[in-house]
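So you can see what is in the structure, the chains are spelled out below.
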Amino acid sequence: MSSTTNGQWYPPEWPDRIRALASGELTPAEPRRAATVLLLRDSGSGGPTVHMLRRRASMAFAGGAYAYPGGAVDPRDERPVAWAGPSRAQWAVRMGVDPATAQAIVCAAVRETFEEAGVLLAGPSADTVVADTTGEDWEADRAALVAHELSFADFLGRRGLVLRSDLLGAWARWITPEFEPRRYDTWFFVAALPEGQRTRNVSTEADRTVWIRPEEAAAGYDRGELLMMPPTIATLRSLQPYATAADALAAAEAQDLTPVLARARLVGGEIVLSWPGHEEFTKHIAQRDTGGGAAGGGTSDGPSDAARS
């Protein structure tokens, strides 16, 4: 995958799949729900930094691309958990889903942040947060969650922890294009790194983690040095106006959660690929082109899991 004018990426098979969809030969897959978290940390006068993972180059999808911690919703994420912050009903209204689905998505966001970054947005009470998650017992639980040997509800219940939904803010929603074989309906959240906790490079699908200012990451993308999918760079750009993590969290309530879904049209002798509301990602692909490289766009970076789509 070589960059062209920037670090935008799309799979080389997309043009053929787009043609198949346009001709009625491809039935869109049903997207799975997923969640990903833009974990923020204040860094002084330069504004907050965001935690990012670089997917291993060997990954079949988006290898080498930068993403955020995240993954698909586990059906067990709907199980009852001790809950603090806005109610499930309030989250349902904000997200436009039913309360059970809202809980599952929020639980997935908190669970995946712990699984992939070692950071836990939960505490012994409604107004506290776990101070340290680096011990061997925490690591054993994290590994069990990753292996699906332990449900998130059982993990919280056994440790007597309350999920702090108030530490999250819903930021954006992106849905994998209809021509992708594995699709995700991914919710992006913002959260501040809890005091005392620190991130760890524990994701099996990442070979590097960084704390980077959104504008620096965006500049790297613009130069073609950092590979990203459209939701990643779009959310990075949307974070740039905020001077602190708290400012970003406060702004979350006003963010537009209308789903962003890529559109593909056959126009004359080319495929026009676009993301409504995000004109910078529009690509014109000659029909004879087989695609490849960093010329087009990916989608549901959700989760780094959803980005595993």
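Owing to the predicted nature of the structure, the values given are computational and were not obtained by experimental measurement. (Residues numbered from 1 in each chain as written. Predicted model: local features only at pLDDT ≥ 70, side-chain atom pairs only at ≥ 80, totals over all residues. Heavy atoms only, no water.)

Chemist: Help me get a handle on the sheet that holds strand E5 (residues 83-84), residues and values and all.
Modeler: Sheet architecture is open: 3 strands sit in the order E5-E7-E6, paired in mixed fashion. At either end of the open sheet lies a strand with only one pairing partner, and these are E5 and strand E6 (122-123). The pairing of E5 with strand E7 (residues 162-164) spans 2 bridges and is parallel. Its bridge partner being in E7, Trp-83 is matched across the sheet by Leu-163. (Pairing = 2+ DSSP bridges. Helix = DSSP H or I, 4+ residues; strand = E, 2+ residues; numbered from the N terminus.)

Chemist: So what about the pairing of strand E8 (residues 168-175)? Which residues, and what values?
Modeler: Among the 8 residues that make up E8, 8 are buried, leaving the element largely enclosed by the rest of the structure. Of the pairings in the sheet, the one linking E8 to strand E9 (residues 184-192) comprises 7 bridges and is antiparallel in character. Its bridge partner being in E9, Arg-173 is matched across the sheet by Trp-187. One ladder, built from 2 bridges, connects E8 with strand E11 (residues 260-261); its direction is parallel. Within the sheet, the bridge partner assigned to Trp-174 lies in E11 and is Val-260. (Buried < 20%, exposed > 50% of the residue type's maximum accessible area, 1.4 Å probe, protein only.)

Chemist: Tell me what's going on with the environment of His-51, and back it up with residues and numbers.
Modeler: In this fold, His-51 is placed in strand E2 (residues 49-55). With a relative accessible area of 1%, His-51 lands in the buried category. The contacts of His-51, once residues within four sequence positions are left out, are Leu-39, Ala-67, Tyr-68, Pro-69, Ala-117, Thr-199, Thr-209, Val-210 and Trp-211. (Contact = heavy atoms within 4.5 Å.)

Chemist: Quick one: what's the story with the nonpolar core, residue by residue and with numbers?
Modeler: If you look at the biggest cluster of nonpolar residues, it comprises 41 residues, and the most contacted ones within it are Trp-91, Leu-120, Phe-152, Phe-155, Leu-168 and Phe-189. Put simply, the parts of the chain that give this core at least two residues each are strand E1 (32-41), helix H2 (88-95), helix H3 (99-117), helix H4 (136-146), helix H5 (152-159), E8 and E9. With 10 residues, H3 is the largest single contributor of residues to this core. Ignoring sequence-local partners within four residues, the contact set of Phe-152 consists of Asp-77, Cys-107, Val-110, Arg-111, Leu-120, Leu-145 and Leu-163. In this structure, Ile-212, Tyr-221, Leu-236 and Ile-271 belong to the second largest nonpolar core, which totals 38 residues. (Core = buried A, V, L, I, M, F, W, Y, C linked by side-chain atoms within 4.5 Å.)

Chemist: An account of the pattern of salt bridges is needed here, citing residue identities and associated values.
Modeler: Applying the stated criterion across every chain yields a total of 17 salt bridges. Here Asp-16 ties to Arg-19 by a salt bridge, and the two come within 2.6 Å at their closest N and O atoms. With Asp-16 and Arg-19 both in helix H1 (residues 14-22), this residue pair falls 3 residues apart, about one helical turn. The class of Arg-19 is buried, set by a relative accessible area of 19%. If you follow the salt bridges from partner to partner, you end up with Asp-77, Arg-111, Glu-112 and Glu-115 in one network. (Salt bridge = Lys/Arg side-chain N within 4 Å of Asp/Glu carboxyl O.)

Chemist: Give me the lowdown on the sheet that holds strand E13 (residues 270-274), citing residues and values where you can.
Modeler: Spatially, E12-E13-E14 is the arrangement adopted by the 3 strands of the open sheet, whose pairing is antiparallel. Every interior strand has two partners, whereas the edge strands, strand E12 (263-267) and strand E14 (283-286), have only one. When the angles between neighbouring strand axes are averaged without regard to direction, this sheet yields 25°. Both E12 and E13 contribute to a ladder of 5 bridges, which runs antiparallel. If you follow Arg-263 over to E13, its bridge partner there is Ser-274. Helix-sheet contacts for H1 involve E12, E13 and E14, and the interaxial angle to E13 is about 95°. (Axes fitted to C-alpha atoms, helices over the stretch in contact; angles between N-to-C directions.)

Chemist: Before we move on, can you summarise the packing of H2 against H3 with the specific residues and values?
Modeler: How two helices sit against one another is set out by the angle between their axes and by the gap between those axes. Packing of H2 against H3 leaves a shortest axis separation of 8 Å and a crossing angle of 90°. Of the possible angle classes, the one that applies to H2 and H3 is roughly perpendicular. The segment H2 lies against H3, with Arg-88, Ala-89, Trp-91, Ala-92 and Met-95 engaging Pro-99, Ala-102, Gln-103, Ile-105 and Val-106. Here the contact of H2 with H3 is composed, by residue class, of 8 nonpolar, 1 polar and 1 charged. (Parallel < 35°, antiparallel > 145°, perpendicular 65-115°, else oblique. Nonpolar A, V, L, I, M, F, W, Y, C, P; charged D, E, K, R; others polar.)

Chemist: I'd like to hear about unusual backbone geometry, residue by residue, with values.
Modeler: It is generally the case that most residues other than glycine have a negative phi and that most peptide bonds are trans. Phi at His-148 takes a positive value of approximately 60°, unusual for a residue other than glycine. Looking at the element boundaries, His-148 is found in the loop between H4 and H5.

Chemist: How would you sum up H3? Please name residues and give values.
Modeler: Taking 1.5 Å per residue as the helical rise, H3 with its 19 residues ought to reach 27 Å, and the 27 Å between its terminal C-alpha atoms agrees with that figure. Burial runs high along H3: 17 of the 19 residues are buried. Its side-chain oxygen placed 3.1 Å from the backbone nitrogen of Ala-100, Asp-98 serves as the N-cap of H3. Phi turns positive one or two residues past the end of H3, at Gly-118, with a value near 75°. (Expected span 1.5 Å × (residues − 1). Polar contact = N/O pair within 3.5 Å; in protein donor to acceptor, adjacent residues only side chain to side chain.)

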